[in-house]
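# Inside the fold
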Amino acid sequence: MTKQSELQTIQQQILDDGVCAELAQGATQLVFADGNPEADIVFIGEAPGKNEDIQGKPFVGAAGKFLNEMLEMIGLQRSSVYITNIVKYRPPDNRDPLPEEKKAFWPYLVRQLNVIKPKLVVTLGRHSMEYFLPNAKISQIHGEPKRIQFGEQKQVLLPLFHPAAALYNGSMRQTLIDDFARIPMIVEKL
Ligand code: URA
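Here we come to the site of the ligand. In the vicinity of the ligand, the contacting residues are Gly-45, Glu-46, Ala-47, Glu-52, Pro-58, Phe-59, Asn-85 and His-162. One nitrogen or oxygen atom from the main chain of Ala-47 is found 3.1 Å from a nitrogen atom belonging to the ligand. His-162 has a polar side-chain atom sitting 2.7 Å from an oxygen atom of the ligand. Here the ligand has 230 Å² of accessible area as a free molecule, and 92% of this is covered by the chains. For the shell around the ligand, the residue count by class is 3 nonpolar, 3 polar and 2 charged.

Here it is, written out as structure tokens:
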């Protein structure tokens, strides 16, 4: 099986298992992922927003535009990385995902990472960071690569601020851009 077909199986299983049925009911569709299953780098956001819900792809709204710009700044095409979210249905009114929603989707995210086996996982915001680094504070550890293990998989993880949070906050925006700029060097060393 190719990575692509293994990922398609996981996507179908989320539907078959009825994960977060209530969220699913209020959403247009499952927003599973975008990008390249052979990628060295996987980005994990929080949950789809309005545009993502409509288009069925993660990070296609304002935060996505900023993410694309930062990828370009470090010489990466969006099509060369893999982008997903911890929660894969849009929460109503863009509220934060609930702990039980993150918990329900966590095993599927782990399986995605088991298939892709990227060199680097980049979490965007605290919601996707907290299952990997339960006691960490993003304000203290953003931009510092960490060696972690979940299940059998050993992984280097880079926690970053969420692009939506940084978009209109000048100092956080610059911090995110500076942290982002370190990605090529971090990947090169792995
Ligand atoms: N914010 C996220 O965390 N994910 C998206 O897909 C879009 C915005």
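Bringing the sheet that holds strand β3 (residues 82–85) into the picture now. Strand order in the open sheet made by the 6 strands is β1-β3-β2-β4-β6-β5, with mixed pairing throughout. Two strands in the sheet have a free side with no partner beyond their single neighbour: β1 (33–35) and β5 (146–150). Pairwise comparison of adjacent strand axes, ignoring direction, gives a mean angle of 30 degrees for this sheet. Pairing geometry for β5 and strand β6 (residues 153–160), over 5 bridges, is antiparallel. When the sheet's bridge partners are listed, Ile-148 is paired in β6 with Gln-155.

Along the polypeptide, Gln-155 turns up in strand β6. A polar atom in the side chain of Gln-155 sits 3.2 Å from the backbone oxygen of Pro-118.

Inspection of every chain in the model, using the stated rule, returns 6 aromatic pairs. Pairing Phe-43 with Phe-180 gives two aromatic rings, centres 5.7 Å apart and planes at 10 degrees, and the pair type is stacked. Taken together, the residues span a long stretch of sequence, with Phe-43 in strand β2 (residues 41–45) and Phe-180 in helix α9 (residues 170–181) at a distance of 137 residues. Neither Phe-43 nor Phe-180 differs from the other in exposure class; each is buried. Ring centres of Trp-106 and Phe-150 lie 6.3 Å apart, and the angle between their planes is 65 degrees; this geometry places the pair in the edge-to-face category. Separated by 44 residues along the polypeptide, Trp-106 in helix α5 (residues 99–116) and Phe-150 in strand β5 bring together distant segments of the chain. For the pair formed by Trp-106 and Phe-150, the shared burial category is buried. The aromatic ring of Phe-66 is capped on one face by Arg-173, whose charged end is 4.4 Å from the ring centroid.

Thresholds, definitions, all that
Residues numbered from 1 in each chain as written. Predicted model: local features only at pLDDT ≥ 70, side-chain atom pairs only at ≥ 80, totals over all residues. Heavy atoms only, no water. Near = heavy atom within 4 Å. Polar contact = N/O pair within 3.5 Å; in protein donor to acceptor, adjacent residues only side chain to side chain. Areas by Shrake-Rupley, 256 points an atom, 1.4 Å probe, with all protein chains shown as cover. Nonpolar A, V, L, I, M, F, W, Y, C, P; charged D, E, K, R; others polar. Pairing = 2+ DSSP bridges. Helix = DSSP H or I, 4+ residues; strand = E, 2+ residues; numbered from the N terminus. Axes fitted to C-alpha atoms, helices over the stretch in contact; angles between N-to-C directions. Phe/Tyr/Trp six-rings, centres within 6.5 Å; stacked < 30°, edge-to-face > 60°. Buried < 20%, exposed > 50% of the residue type's maximum accessible area, 1.4 Å probe, protein only. Lys NZ or Arg CZ within 6 Å of the ring centre and 35° of its normal.

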